[in-house]
Amino acid sequence: MSEQKHDWTKQEILEIYNKPLMELLYEAATVHRKFHDPNTVQVSTLLSIKTGGCPEDCGYCPQAARYHTDIEGNDLMQVSHVKAQALRAKASGSSRVCMGAAWRNVKDGPEFDQVLEMVRTINKLDMEVCCTLGMLTENQAQRLAEAGLYAYNHNLDTSEDYYKDVISTRAFEDRLDTIDNVRKSNVTVCSGGIIGMGEAIEDRAGMLVALATLNPQPESVPINALVAVEGTPMEDMEPISIWEMVRMVATTRIVMPETQVRLSAGRTQMSREGQAMCFFAGANSIFAGDKLLTTPNPDVNEDMEMFKLLGLNPQKPFTKVSQPKTVEASESQFKDLGEKPKWTRPGHSIARNEEAKAKSKLVE
Ligand code: SF4
């Protein structure tokens, strides 16, 4: 039976976040044990199927074309390559493959058809398939659902207030609209954010209000610590402390009890003790693989050693939601509509994003 509460206020969430740490940990661990097996952690492998060259200006992202970073861009991967990577991920204990493409939004056409084929292929390997492809229309969400997509990731990143200081090429509202389009299909929602971007604690609480008041709440919530990459507007941000991560994970667990809370980017900067504390506080999912799209991540063997040390077991696929049925392209009820949706372009200016863009031109 669901015990989700959907009327969380920022004040209530701040009170939880700021509790004495031992009390916060105890409460989060108690909620965690009520809704989940505390010794099981879901393992996802993140695969960048199209890297770099993105037209957006997300201040944290090395894949934005306008900033000068060292990442190597590449075109959309072949289905056979994705299948080989998925098989490797499965053999090393992952139950889910999450495919990321550096796009502003999905466009109907041959590239999207290729992604749909990737989804069908991985679903047939009996793995959960997730995609993160940018903004999505309702018809596109339905097509992904038919192909056998299990989850769609679309992060809110931060609070609605702070969003304007991070991204100027789209609005917070666009994110919510895409999540709504995903919700109308049978695909589960994965949405979280990043801490350590210079936001206030109130912004962290604000982001959790936006996620926890969705009805239903997202099935997965990734919590990322910013990995400050040279050349991006956030290159000089100081790393957050493990205590902030633990507080964020514990608060997320309490306000979204049934959700899988994923420890995402920034794990290379955390000790095993720090990660263990996050698992105790309610994190029950990680990203595996030596890269998270473009930023470093612990090696799979290191993770499996940590699991052994802590007595954790990887979660089997389709434990929470059953395997979606795959409909072949030829039998699809949904067509390529060639839609050209008008997603917002607020177009305001963010000083540090403009500075990074100007610096990038000097380097070229
Ligand atoms: S986070 Fe995504 S949308 Fe933003 S610049 Fe990077 S790839 Fe593009």
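For clarity, every value in this text was computed on a predicted model and none was experimentally measured.

## Focus: unusual backbone geometry
The step from N215 to P216 runs through a cis peptide bond, and the omega angle for that step is 0°. Examined against the element boundaries, P216 turns out to sit in the loop between α8 (201-212) and β7 (220-225). Of note, D126 is a non-glycine position whose phi angle comes to about 60°, a positive value. Within the secondary structure, D126 sits in the loop between α4 (110-123) and β3 (128-132). The backbone phi angle of F318 is positive, close to 60°, even though this residue is not glycine. Following the sequence through the fold, F318 ends up in the loop between β12 (313-314) and α12 (351-363).

## Quick look at the site of the ligand
The full set of residues close to the ligand is C54, E56, C58, C61, Q63, A64, A102 and G134. For the shell around the ligand, a count of residues per class yields five nonpolar, two polar and one charged.

## Overview of the UniProt feature "binding site: [4Fe-4S] cluster" (unreviewed entry) in the protein
According to UniProt, the "binding site: [4Fe-4S] cluster" (unreviewed entry) feature falls on C54, C58 and C61. Along the chain, C54 turns up in the loop between β1 (40-50) and α3 (79-91). With residues up to four places along the chain from it excluded, the contact list for C54 reads Q63, A64, A65, A102, W103 and R104. Structurally, C58 can be placed in the loop between β1 and α3. Accessibility expressed as a C-beta count within 10 Å gives 23 for C58, which makes it buried. Among residues more than four places away in sequence, those in contact with C58 are A64, V166 and I167.

Rules of the game
- Per chain, the residues get numbers from 1 upward, laid out in the order the sequence is written.
- Confidence filtering applies because this is a predicted model: local features only for residues at pLDDT of at least 70, side-chain atom pairs given and counted only at 80 or more, and all residues used for totals across whole chains, interfaces and linings.
- Starting at the N terminus, helices and strands are each numbered in turn, a helix being any DSSP run of H or I of at least four residues and a strand any DSSP run of E of at least two.
- In this text, near has one meaning. A residue is near a molecule or strand if its C-beta atom, placed using the backbone, is within 6 Å of it.
- Residues were grouped as follows: Ala, Val, Leu, Ile, Met, Phe, Trp, Tyr, Cys and Pro as nonpolar; Asp, Glu, Lys and Arg as charged; and all remaining residues, including Gly, as polar.
- UniProt positions are given in the numbering used here, feature names are shortened, and annotations may be inferred rather than shown by experiment.
- By the convention adopted here, residues make contact when the C-beta atoms placed from their backbones lie within 7 Å.
- With C-beta atoms placed from the backbone, the exposure class of a residue follows from how many other C-beta atoms lie within 10 Å of its own: 20 or more, buried; 12 or fewer, exposed; in between, partly exposed.

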